[in-house]
Amino acid sequence: MLLLDLVRIVGESLTMKNSIMSLSLGLFLLTGCATVYTTDKLTPDELAYMNRIGKATPILTIEKAAADEAWVRGKTFIERFTVMKIKASDENRVETYDPSAAPDGGTIGYTLTREMDGDKVKFTIVCLRAMMNMKYTEEICKNNEKLMSHYMVSAELNEKFVNADVRAPRNPNQPY
């Protein structure tokens, strides 16, 4: 009902004078926006955390003894931070439905796999997003992959940064 009211209000407000502004407002309200953090606004602890995250990779190899705990953390991350339902799950793969198939394309999905690699276990994390989704950019997906990877290895997770865009502040001397 709220969505229909929003569409009606935006539709009623469309005139030659304010049509672009109303349409932009309506699209913003329908899609939402990702939280943006600039590194100059982070606390020293948050900045140190993000520096540790920056070293994480979506492909990681873990000692076999720690692999089961890492697997559980990876599955937990997926269950907590996407609204996409699990499409397939077994002892070596967790996969959500593709977010492109969602009616609004407004979310992120994941695939997490594990395989034996000698006496270690190799994990691969893939963040999936709808290509036309303005809310979840490629940078946010890459950030989430790193957050999940770090969480799987260390059990350390600052939920504030999940689905967030973290970037350096804009240089006022750059013309763009």
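Above this text sits the structure in question.
Residues numbered from 1 in each chain as written. Predicted model: local features only at pLDDT ≥ 70, side-chain atom pairs only at ≥ 80, totals over all residues. Heavy atoms only, no water.

Student: Explain the overall build of the protein to me, please; I cannot follow it from the model alone.
Tutor: For the protein, the helix and strand inventory stands at five helices and seven strands. What you see in the protein, going N to C, is helices and strands ordered as α-α-β-α-β-α-β-β-β-β-α-β. Classification of the 176 residues of the protein by burial places 35% in the buried group. The contacts in the protein between residues at least 6 apart in sequence include a share of 58% that link residues at least 24 apart. Accessible surface, the protein: about 11,200 Å² in total, of which carbon and sulfur atoms supply 58%. (Helix = DSSP H or I, 4+ residues; strand = E, 2+ residues; numbered from the N terminus. Buried < 20%, exposed > 50% of the residue type's maximum accessible area, 1.4 Å probe, protein only. Contact = heavy atoms within 4.5 Å. Areas by Shrake-Rupley, 256 points an atom, 1.4 Å probe, with all protein chains shown as cover.)

Student: I tried to follow the pattern of salt bridges on my own but got confused; where do I start?
Tutor: Pairing is possible between side chains of opposite charge, provided their charged atoms come close. A complete count under the given rule lists eight salt bridges for this structure. In this structure, the salt-bridge partner of Arg114 is Asp68, at a minimum N-O distance of 3.3 Å. On the criterion of sequence distance, the pair formed by Arg114 in strand 5 (residues 108-117) and Asp68 in helix 4 (residues 64-81) is long-range, its members being 46 residues apart. (Salt bridge = Lys/Arg side-chain N within 4 Å of Asp/Glu carboxyl O.)

Student: So what exactly am I meant to see when it comes to the packing of aromatic side chains here?
Tutor: Think of a pair of aromatic rings as described by two things: how far the centres are apart, and how the planes are tilted against each other in angle. As enumerated under the stated definition, the model contains four aromatic pairs in all. Relative to Phe81, the ring of Phe77 has its centre 4.9 Å away and its plane inclined at 55 degrees; by these criteria the two rings are tilted. Here Phe77 pairs with Phe81, and both are found in helix 4, just four residues apart, close to one helical turn. Of the two residues, Phe77 and Phe81, neither departs from the other in class, the shared state being buried. Within the aromatic cluster, the residues linked to one another by ring pairs are Phe77, Phe81 and Tyr110. (Phe/Tyr/Trp six-rings, centres within 6.5 Å; stacked < 30°, edge-to-face > 60°.)

Student: Any chance you could explain the sheet that holds strand 2 (residues 59-63) here in plain terms?
Tutor: Hydrogen bonds between backbone groups are what pair the strands of a sheet, and the pairing can be parallel or antiparallel. Across the sheet, five strands lie side by side as 2-6-5-4-3; this open sheet has antiparallel pairing. Each end of this open sheet is capped by a strand with a single partner; those strands are strand 2 and strand 3 (86-89). Neighbour-to-neighbour, the strand axes of the sheet open up by a mean angle of 15 degrees, direction not taken into account. Of the strand pairs in this sheet, strand 2 and strand 6 (residues 120-129) are connected by five bridges, and their pairing is antiparallel. For Ile59, the partnering residue across the bridge sits in strand 6 and is Thr124. Helix-sheet contacts for helix 4 involve strand 2, strand 3, strand 4 (93-96), strand 5 and strand 6, and the interaxial angle to strand 5 is about 170 degrees. Contacting strand 2, strand 5 and strand 6, helix 5 (residues 138-154) runs over the sheet at an angle of about 155 degrees to strand 6. (Pairing = 2+ DSSP bridges. Axes fitted to C-alpha atoms, helices over the stretch in contact; angles between N-to-C directions.)

Student: Could you clarify how one ought to interpret helix 3 (residues 44-54) in this entry?
Tutor: Because an α-helix packs 3.6 residues into every turn, residues spaced three or four apart end up facing the same way. Residues of helix 3 that are buried: Glu46, Tyr49, Met50 and Ile53. For helix 3, the buried positions fall inside an angular range of 95 degrees around the axis, keeping them on one side. Residues of helix 3 that are buried make contact with helix 5 and strand 7 (164-167). (Arc of directions from axis to C-beta.)

Student: I would appreciate a short explanation of the side chain of Glu145 in the present structure.
Tutor: Its place among the elements puts Glu145 in helix 5. Look at Glu145: it is buried, it has no salt bridge, and the nearest opposite charge is Lys142 at 7.4 Å. (Lys, Arg positive; Asp, Glu negative; His and termini not counted.)

Student: Looking at this structure, how should I read the nonpolar core?
Tutor: Burial of nonpolar side chains together is a common tendency in soluble globular proteins. Phe77, Tyr110, Leu112, Phe123, Leu147, Met148 and Met152 are the most contacted members of the largest nonpolar core, which totals 28 residues. Secondary structure elements with two or more residues in this core: helix 3, strand 2, helix 4, strand 5, strand 6 and helix 5. Apart from the residues within four sequence positions on either side, Met148 is in contact with Gly74, Phe77, Ile78, Tyr110 and Ile125. (Core = buried A, V, L, I, M, F, W, Y, C linked by side-chain atoms within 4.5 Å.)

Student: Help me out: how do you make sense of the environment of Asp90 in this one?
Tutor: Mapped onto the secondary structure, Asp90 falls in the loop between strand 3 and strand 4. Accessibility expressed as a relative area gives 40% for Asp90, which makes it partly exposed.

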